[in-house]
Amino acid sequence: QVQLVESGGGLVQAGGSLRLSCAASGRIFSINAMGWYRQAPGKQRGLVASIGSGGGTNYADSVKGRFTISRDNAKNTVSLQMNSLKPEDTAVYYCNAVVISASTGYTGDYWGQGTQVPVSS
């Protein structure tokens, strides 16, 4: 089994910064893509940013130039540095990882429990 544990959420003022972190643990052979998704009230969950095992990144247009995703392959962690936050960034942020299990060899899609990021105006 694989677990993703997020940290770093919390209330922040518009224009401020926040850093989210996520650590994967369990029976992990390797991790392919890692990413962050968010879900605002009344909206569907959507991609914020993703990063491949080789470091290639992809961002939602709404966060380009403000958010930066990074990962540490040795520690199985992924982080999201969020700058110049806006009230419309308010959402629950979820960590995601595509993991190859060390037990079965199968590839699975895993999610963290979510962390709240309210941005006040």
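As shown above, the structure is provided for reference.
The sections below set out a description of the structure shown in this document. Keep in mind that this is a model prediction, so the values were computed, not measured. Residue indices follow the written sequence of each chain, beginning from 1 at its first position. Where totals are concerned, whole chains, interfaces and linings use all residues; where local detail is concerned, this predicted model gives features only for residues with pLDDT of at least 70, and gives and counts side-chain atom pairs only at 80 or more. Only hydrogens and water are set aside; all other atoms, that is, all heavy atoms of the structure, feed into the side-chain values.

### Topic: the packing of aromatic side chains
Next up, step 1: Side-chain rings of Phe, Tyr and Trp, where Trp is taken by its six-membered ring, are said to pair if the distance between their centres is within 6.5 Å; with planes under 30 degrees apart they count as stacked, over 60 as edge-to-face, and otherwise as tilted. Evaluated as defined, the whole model comprises one aromatic pair.
Next up, step 2: With a centroid separation of 5.0 Å and an interplanar angle of 65 degrees, the aromatic rings of Tyr-37 and Trp-111 are classed as edge-to-face. Of this pair, Tyr-37 sits in strand β4 (residues 28–39) while Trp-111 sits in strand β10 (residues 107–111), placing them 74 residues apart in sequence.
Next up, step 3: Under the relative-accessibility criterion, Tyr-37 is labelled partly exposed at 23%.
Next up, step 4: Lying over the aromatic face of Tyr-94, Arg-45 brings its terminal NZ or CZ to 3.6 Å of the ring centre.
Next up, step 5: Placement of a charge over a ring requires the Lys NZ or Arg CZ to be within 6 Å of the ring centre, with the centre-to-atom vector within 35 degrees of the ring normal. Note that Arg-45 overlies the ring of Trp-111, its terminal NZ or CZ placed 4.7 Å from the centroid. Helix and strand definitions follow DSSP, with helices as H or I runs of at least four residues and strands as E runs of at least two, each counted in order from the N terminus. Three labels apply to residues, based on accessible area from a 1.4 Å probe with only protein chains included: buried if under 20% of the type maximum, exposed if over 50%, partly exposed otherwise in between.

### Quick notes on the side chain of Ser-79
Next up, step 1: Mapped onto the secondary structure, Ser-79 falls in strand β8 (residues 77–82).
Next up, step 2: Exposure remark for Ser-79: the relative accessible area of 11% places this residue in the buried category.
Next up, step 3: In this description, contact between two residues means that some pair of their heavy atoms is separated by no more than 4.5 Å. Those residues in contact with Ser-79, other than ones at most four positions away along the chain, are Arg-19, Leu-20, Ser-21, Trp-36, Thr-68, Ile-69 and Ser-70.

### Digging into the layout of surface pockets
Next up, step 1: Of the grid points, spaced at 1 Å and generated over the protein atoms alone, those admitting a 1.4 Å probe that cannot get out make up cavities, while open sets with protein on both sides within 12 Å along at least five of seven lines make up pockets; any residue with an atom within 4 Å of a point is treated as lining. Grid points are joined across faces, edges and corners, and a volume is the space filled by probe spheres set on the points. If you add up the space inside the largest pocket, you get close to 170 Å³.
Next up, step 2: Around the largest pocket sit 15 residues that line it, and Arg-38, Ala-40, Lys-43, Gln-44 and Glu-88 are the ones nearest its centre.
Next up, step 3: Elements that contribute at least two residues to the lining of the largest pocket include exactly β4 and β5 (46–51).
Next up, step 4: In terms of residue count, the dominant contributor to the lining of the largest pocket is β5 (three residues).

### Considering the sheet that holds strand β7 (residues 67–72)
Next up, step 1: Between any two strands, at least two bridges found by DSSP are needed for them to pair. The strand order across the open sheet formed by four strands is β1-β3-β8-β7, and the pairing between neighbours is antiparallel. In the strand order of this sheet, the two ends are held by β1 (2–7) and β7, each with one partner. Looking at each pair of strands side by side, their axes are set apart by 15 degrees on average, direction ignored.
Next up, step 2: Sheet topology places β1 next to strand β3 (residues 18–26); six bridges connect them, and they run antiparallel. Structural elements are reduced to axes, namely lines fitted to C-alpha atoms, with helices fitted over the stretch in contact, and the angle between N-to-C directions of any two is expressed from 0 to 180 degrees.

### Re the state of the cysteines
Next up, step 1: A pair of sulfur atoms, both from cysteines and within 2.5 Å, is called a disulfide here. Tallied over the entire structure, the rule returns one disulfide.
Next up, step 2: What pairs with Cys-22 in a disulfide is Cys-95, and their sulfur atoms sit 2.1 Å apart. In this structure the cystine formed by Cys-22 and Cys-95 twists about its S-S bond by roughly -80 degrees; its chirality is therefore left-handed. Highlighted residues: Cys-22 in strand β3 and Cys-95 in strand β9 (residues 91–101), separated in sequence by 73 residues. Summarising the burial analysis for this pair, Cys-22 and Cys-95 share the class buried.

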